[in-house]
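Here is what each chain is made of, one letter per residue.
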Amino acid sequence: MNAVAFYSNTGQSRSVAEYFAEQLSYPIINIENSSDDHYENLVLVFPVHCQNVPDIVKAFLKTTKIKNLTVIATYGRMCCGNVLREIQNRYRQSIVAAAYVPTKHSYLAQDSAFSDYDKLRPIVEKIKTPAAIILPRLYKNPLANLFPKWRSRVGLKIFKNANCNGCNACGENCPLKAICEGVPSSECIRCLKCVTACPRHALEIKIRLPLKLYLRKKKSDQLIIYT
Ligand SMILES: Cc1cc2nc3c(=O)[nH]c(=O)nc-3n(C[C@H](O)[C@H](O)[C@H](O)COP(=O)(O)O)c2cc1C
Ligand code: SF4
Ligand code: SF4
């Protein structure tokens, strides 16, 4: 089976996945609901979280057999880390193409989404004639592995406002089941899927000073493609 699979909390990776699904005429699947565990050609699109591969993506790669894998990491123009090479090292999948795609940061409302889709065309062509590639190692901050989820929790607060009616759409959409009726638990990784999913716009965020200062740093807008 061929497919485009995505993991996406605020829609950026999903938009990139939709581009590949349309160009390749592959079905598109959300890895949170996927039941197949074997693919001939798979394009996997996911966000960089704290310069790391999200746990859900790691679990998917661990249990899924893929003959030809294309990996696309979207990142919020801060630092993409070394996630694609980490995937190649850890899961030894045969990677045929890869890219780091700069896009809107989940925490920055004023950011613009990725729009240079024509530049992804070489990846589409490579998928049609797959051959394995070796990915180079990129810079990753040596502190990136130090309690990343805790750092996210400390950096950003999620709270509900008076619009909340207790429908619990937030809890049903949370990939970690880490929120109930608008109140996040200590398992929350601040991916903001619940904020996007709330039909009443009842969830708000407050970015604390250290994260605010970090997000003001010089942005990187580099689209990096490997074919
Ligand atoms: C918890 C968390 C950690 C993030 N860490 C990084 C990061 O280390 N570097 C970066 O450039 N962007 C980072 N981002 C931004 C996302 O990678 C980026 O906005 C991505 O495109 C979101 O994809 P999605 O909308 O498909 O979830 C982070 C976002 C979240 C929610
Ligand atoms: S989805 Fe929104 S309105 Fe529904 S319980 Fe959660 S925060 Fe409240
Ligand atoms: S509760 Fe936390 S982990 Fe769950 S969707 Fe919301 S931000 Fe993401």
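Residues numbered from 1 in each chain as written. Chains lettered and ligands numbered in written order. Predicted model: local features only at pLDDT ≥ 70, side-chain atom pairs only at ≥ 80, totals over all residues. Heavy atoms only, no water.

A closer look at the site of ligand 1
Then, number 1: Around ligand 1, 26 residues are found, and the nearest of them are Ser8, Thr10, Ser13, Val48 and Lys104.
Then, number 2: At 2.6 Å from an oxygen atom of ligand 1 is found a side-chain nitrogen or oxygen belonging to Ser13.
Then, number 3: Take Gly76: an N or O atom from its main chain is 2.9 Å from a nitrogen atom of ligand 1.
Then, number 4: Breaking the shell around ligand 1 down by element, the ones donating at least two residues are helix 1 (12-24) and strand 4 (65-75).
Then, number 5: Classifying every residue of the shell around ligand 1 by side-chain character gives nine nonpolar, 14 polar and three charged.
Then, number 6: Each of domain 1 (2-141 + 218-226) and domain 2 (148-215) contributes no fewer than three residues to the shell around ligand 1. (Near = heavy atom within 4 Å. Polar contact = N/O pair within 3.5 Å; in protein donor to acceptor, adjacent residues only side chain to side chain. Helix = DSSP H or I, 4+ residues; strand = E, 2+ residues; numbered from the N terminus. Nonpolar A, V, L, I, M, F, W, Y, C, P; charged D, E, K, R; others polar. Domains from an automatic or database assignment.)

Examining the sheet that holds strand 2 (residues 28-30)
Then, number 1: As summarised here, the arrangement of the six strands in space is 2-1-3-4-5-10, forming an open sheet in which the pairing is mixed. Lying at the two open borders of the sheet, with one neighbouring strand each, are strand 2 and strand 10 (224-226). Averaged over neighbouring strand pairs, the angle between their axes works out to 20° when direction is ignored.
Then, number 2: Across nine bridges, strand 3 (residues 38-47) lies against strand 4 in parallel orientation. Paired with Pro47 across the bridge in strand 4 is Thr74. (Pairing = 2+ DSSP bridges. Axes fitted to C-alpha atoms, helices over the stretch in contact; angles between N-to-C directions.)

Things to note about the domain arrangement of the protein chain
Then, number 1: Here the protein chain is described as being made up of domain 1 (2-141 + 218-226) and domain 2 (148-215).
Then, number 2: Once you take the C-alpha centre of each, domain 1 and domain 2 turn out to be 24 Å apart.
Then, number 3: Across the boundary between the two partners, domain 1 contributes 18 residues, which contact 18 residues of domain 2.
Then, number 4: Both faces combined, the contact of domain 1 with domain 2 buries some 1,400 Å², and carbon together with sulfur accounts for 57% of it.
Then, number 5: By the criterion of area lost to domain 2, the three top residues of domain 1 are Asn9, Cys50 and Tyr107, representing 44% of everything that side buries.
Then, number 6: In this assembly, domain 1 and domain 2 are joined by two salt bridges.
Then, number 7: Salt-bridge contacts for Lys149 lead to Asp55; the nearest nitrogen and oxygen are separated by 2.6 Å.
Then, number 8: Here domain 1 and domain 2 share four residue pairs in polar contact (both at pLDDT 80 or more) between them. (Contact = heavy atoms within 4.5 Å. Buried area = accessible area lost by both parts, 1.4 Å probe. Salt bridge = Lys/Arg side-chain N within 4 Å of Asp/Glu carboxyl O.)

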